[in-house]
Protein chains: 2
Amino acid sequence: MLNFAVGPVMMEDKILRLGAEQIPYFRTAEFSAIMKENEEMMRQCMGAGNGSRVLFLTGSGTAAMEAVVWNVFTSRDHVLVVNGGSFGARFAKLCRIHRIPCTEICLPFGQTLTEADLAPYDGQGYTGFLVNLLETSSGVSYDIDLISRFCHKNGCLLACDAVSSFLADPLFMEKQGIDVVLTGSQKCLALPPGLSVITLNARAVRRVEENEIESMYFDLKDCLKNGERGQTPFTPAVSVLIQLHARLEDITKRGVESEFARTSELAAHFRRGIEGLPLEITSARLSNAVTPLHPLNTSAYSVFLTLKDEYDIYVCPNGGDQADQVFRVGHMGHLTKADNQKLLDAFSDMQRRGLL
Amino acid sequence: MLNFAVGPVMMEDKILRLGAEQIPYFRTAEFSAIMKENEEMMRQCMGAGNGSRVLFLTGSGTAAMEAVVWNVFTSRDHVLVVNGGSFGARFAKLCRIHRIPCTEICLPFGQTLTEADLAPYDGQGYTGFLVNLLETSSGVSYDIDLISRFCHKNGCLLACDAVSSFLADPLFMEKQGIDVVLTGSQKCLALPPGLSVITLNARAVRRVEENEIESMYFDLKDCLKNGERGQTPFTPAVSVLIQLHARLEDITKRGVESEFARTSELAAHFRRGIEGLPLEITSARLSNAVTPLHPLNTSAYSVFLTLKDEYDIYVCPNGGDQADQVFRVGHMGHLTKADNQKLLDAFSDMQRRGLL
């Protein structure tokens, strides 16, 4: 089996072996030490500054999106949301659910955000900005420096979903003026799904501490407090946190830049490989993490099904309106150029068979 | 390492091996089939009736407690909550957070609920009842038949936390008149933590469907809808769900009664073994799942630490006021009488050393 989906992704042998170990009891000094190191290594990988904190939530990326919207913003904010696909729409819906006033910047599928898109909102009193750095549904990577400049100028608190882009595209919270980043375990961290990670800078920590929310599980104040002793309020995904520790040790040893470089190289290799195939890239601004493709001669969903059923290869289908138009090839996790070549060979074979 | 904590617990080799496998992409017919079978097998293990549904939530047991309180009850309910320890207190706090009118029946630590405790609330118009069947903090197992009779007579919707008691103590939703049961992956299911499971009977399903809650992640209506096609709204803990499938296949093959019998036998063996040791059982009504113990000559927390540091054995410390008074020995998961014996030998050795 080869998995080019955008999560869960292929895991390293070392991580898989940890998945076969008995899980220790976790209200111990030993597990607290692992968690404190996880926090420190995540801060390093995020380029987070002094006073920043990292929270580990047992739940999907959407759980972290909801926790951030709910804990960081209030009804006194006015938040700009970039909505260029289903995850942007989700941020907007979360704002509505939690009564955070918001304005959506709606972008056509596959299009990126430009200076011109932002211009009408400049100087209009916005206090927050929510963006999925990589809109996973369309494979569009937004220009974080453009967004950051806008937020700095307007005094907006900037919260970014980097679920799919963390470790694939360069991200440095402090340097790029980002206040909050959330990510998930099953993307470039290449761990089992079920864990999400929220990094808050000092300003965002203050926001959380001053806010009162009507939930026990999503109360990030409680997570901050428990985190001081390396614990979580409720039983966490202990095994995934132990695997995270092993993964972060490797990443911090090599340096986060080597992760960006590896993913970038893998993506470039794949994109060179599809030249000449009847596949069209549909994103105006690509991330290293994923290549969204429109097959010129057949339904995208049928390509997904054929690869799964006849080649034992997963790519990622799109949902809704785009299901027949676009599928996505991920470059996350433990994949190599040889794996890319197997997928490219499968495409060529399908082409010979009149299936692409 | 031997783990007698009350979660995470020891896992079978077969389950551990699955933890070392690559995780497939999950928006597929194949994974939907696994999920549909998980639902059917859980219904069978719960003794749930026609029209019942099973929901899989990525999160801890507390996430499921919050989802149930929030989705099943409304401000028009008046709910009785049995509060005999920290998990009962948690149910009461969740009611307050979500503005569900509630009355707490507070019990002293270690005491069970009696007919006399319930009498003052009979015929008082209560519409709901929340109870942790096994109050894990004290190791008290409440009399479900007593509670069920009260609820039937009063027309209360009965929602039970069976996080720690599921598969340890007999539980049959339909026969015992239980409307909702929630449980977690890391107790007697003996899987990694991070997944909770909510079973709703037809009446509770209607409640959820008629209710509107202000959360995306905890919206059980969305879970019900996605569950119809064997999916979840957001990326679930795929690997734990695959492990759950293997575990439920074994359990349903043997019959759920054989799980109760196995746990009961293990608990009885341990309880016979501690006779003569300076350890006192502190629960008025025991579950098969756990034995709470008060050491007569030393601090309970020091017993926990010595066992961990010098014998590589985990028992479960109590928190707060009870930390020095009580520790707990679990009988959940992949443990044998030979494992019990190792713990009993360690106790004897500690006694010889003047440490117990």
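In this report, the structure presented in the accompanying data block is examined. Within each chain, residues carry numbers counting from 1 in the order of the written sequence. Chains carry letters and ligands carry numbers; both start at the beginning, A for chains and 1 for ligands, and go up in the order they are written. Local features in a predicted model are, by the rule used here, given only for residues with pLDDT of at least 70; side-chain atom pairs are given and counted only at 80 or more, and totals for whole chains, interfaces and linings are based on all residues. As a rule here, side-chain values come from all non-hydrogen atoms in the structure, and water together with hydrogens is ignored.

**A word on the interface of chain A and chain B**
Working step 1: Only heavy atoms matter for contacts: two residues are in contact if any of them lie within 4.5 Å across the pair. At the interface, 56 residues of chain A touch 56 residues of chain B.
Working step 2: Once two parts are joined, some of their accessible surface, as seen by a 1.4 Å probe, is lost; buried area is that loss totalled over both. On the chain A side of the contact with chain B, A:Gln22, A:Tyr25 and A:Met216 bury the most area, a combined 18% of that side's loss.
Working step 3: Salt bridge, as applied in this entry: a Lys or Arg side-chain nitrogen positioned within 4 Å of an Asp or Glu carboxyl oxygen. Scanning the region where chain A abuts chain B turns up four salt bridges.
Working step 4: A salt bridge links A:Arg99 to B:Glu214, with the shortest nitrogen-to-oxygen separation between them at 2.1 Å.
Working step 5: The helix and strand labels rest on DSSP assignments: H or I over at least four residues marks a helix, E over at least two residues marks a strand, and numbering proceeds from the N terminus. For the side of chain A that touches chain B, the secondary-structure elements that each account for two or more residues are helix 3 (61–72), helix 4 (86–97), helix 9 (238–254), helix 11 (300–311) and strand 14 (316–317) of chain A.

**Here's the deal with the sheet that holds strand 4 (residues 102–106) of chain A**
Residues and elements named next belong to chain A.
Working step 1: Note on pairing: DSSP must find at least two bridges between two strands before they are called paired. Within the open sheet, the seven strands sit side by side as 2-10-9-8-5-3-4. Their pairing is mixed. A single partner strand is all that each edge strand has here, and the edge strands are strand 2 (53–58) and strand 4. Taken pair by pair, the neighbouring strands of this sheet meet at an average axis angle of 15°, ignoring direction.
Working step 2: Relative to strand 10 (residues 195–200), strand 9 (residues 180–184) runs antiparallel, the two sharing five bridges. Counted as the bridge partner of Gly-184 is Ser-196 from strand 10.
Working step 3: Sheet strands in contact with helix 8 (residues 220–227) are strand 2 and strand 10, and its direction is about 115° off that of strand 2. Inter-axis angles, ranging from 0 to 180 degrees, are taken between N-to-C directions of lines fitted to C-alpha atoms, where helices are fitted over the stretch in contact.

**Digging into the pairing of strand 12 (residues 290–295) of chain B**
Two faces make up the sheet, and in a regular strand the side chains alternate between them.
All names here are of chain B.
Working step 1: The element strand 12 is largely enclosed, with a buried count of six among its six residues.
Working step 2: The rule is simple: take the accessible area with a 1.4 Å probe, protein chains only, and divide by the maximum for that residue type; under 20% is buried, over 50% is exposed, in between is partly exposed. Neither face of strand 12 is exposed, since Val-290, Pro-292 and His-294 on one face and Thr-291, Leu-293 and Pro-295 on the opposite face are all buried.
Working step 3: Looking at chain direction, strand 11 (residues 279–281) and strand 12 are connected through three bridges and run antiparallel. For Glu-280, the partnering residue across the bridge sits in strand 12 and is His-294.
Working step 4: Bridge count between strand 12 and strand 15 (residues 327–330): four bridges; the pairing is antiparallel. Among the inter-strand pairings, Pro-292 is bridged to a residue of strand 15, identified as Arg-328.

**Notes on the packing of helix 7 (residues 202–210) of chain B against helix 8 (residues 220–227) of chain B**
All names here are of chain B.
Working step 1: Two elements in contact, helix 7 and helix 8, have axes separated by 8 Å at closest approach and are oriented at 115°. Viewed along their axes, helix 7 and helix 8 form a crossing whose handedness is left-handed. Along its contact with helix 7, which presents Val-205, Val-208 and Glu-209, the element helix 8 presents Leu-220, Lys-221 and Leu-224.
Working step 2: Here the term charged refers only to Asp, Glu, Lys and Arg, the term nonpolar to Ala, Val, Leu, Ile, Met, Phe, Trp, Tyr, Cys and Pro, and the term polar to all other amino acids, Gly among them. Classifying every residue of the contact of helix 7 with helix 8 by side-chain character gives four nonpolar, no polar and two charged. Helix crossings get a hand from a simple test, with the near helix turned counterclockwise from the far one by less than a right angle marking a left-handed crossing and a clockwise turn marking a right-handed one.

**A word on the sheet that holds strand 11 of chain B**
Backbone hydrogen bonds are what pair the strands of a sheet, in a parallel or an antiparallel way.
All names here are of chain B.
Working step 1: Taken in spatial order, the four strands of this open sheet run 11-12-15-14, and their pairing is antiparallel. The open sheet has two free edges, formed respectively by strand 11 and strand 14 (316–317), since each of these has just one partner strand.
Working step 2: Contacting strand 11, strand 12 and strand 15, helix 10 (residues 256–273) runs over the sheet at an angle of about 15° to strand 12.

**What to know about the relation of the copies chain A and chain B**
Working step 1: For the pair chain A and chain B, the relating rotation is 180°, the translation along its axis is 0.0 Å, and the fit reaches an RMSD of 0.0 Å. Accordingly, the operation relating the two chain copies is best matched by a two-fold axis.
Working step 2: Comparing contact sets, 100% of the residues at the interface of chain A also lie at the interface in chain B, consistent with an isologous, same-surface contact. Least squares is used to superpose the copies, and the fit set is the C-alpha atoms of residues whose pLDDT is at least 70 in both copies.

**Some thoughts on the packing of aromatic side chains**
Working step 1: Only rings of Phe, Tyr and Trp enter the pairing, Trp through its six-membered ring, and a pair is recorded when the two centres are within 6.5 Å. The plane angle decides the type: under 30 degrees is stacked, over 60 is edge-to-face, the rest tilted. The full count for this structure, using the stated rule, is 30 aromatic pairs over all chains.
Working step 2: Between the aromatic rings of A:Phe26 and A:Phe31, the centroid separation amounts to 6.3 Å while the plane-to-plane angle is 85°, which identifies the pairing as edge-to-face. As far as burial versus exposure is concerned, A:Phe26 and A:Phe31 are alike and both buried.
Working step 3: Ring centres 5.5 Å apart and planes at 55° place the aromatic pair B:Tyr25 and B:Phe26 in the tilted group.
Working step 4: In this scheme, Lys NZ or Arg CZ marks a charge over a ring once it lies within 6 Å of the ring centre and within 35 degrees of the ring normal. Directly above the ring of A:Phe172 sits A:Lys175, whose terminal nitrogen or CZ lies 4.4 Å from the centroid.

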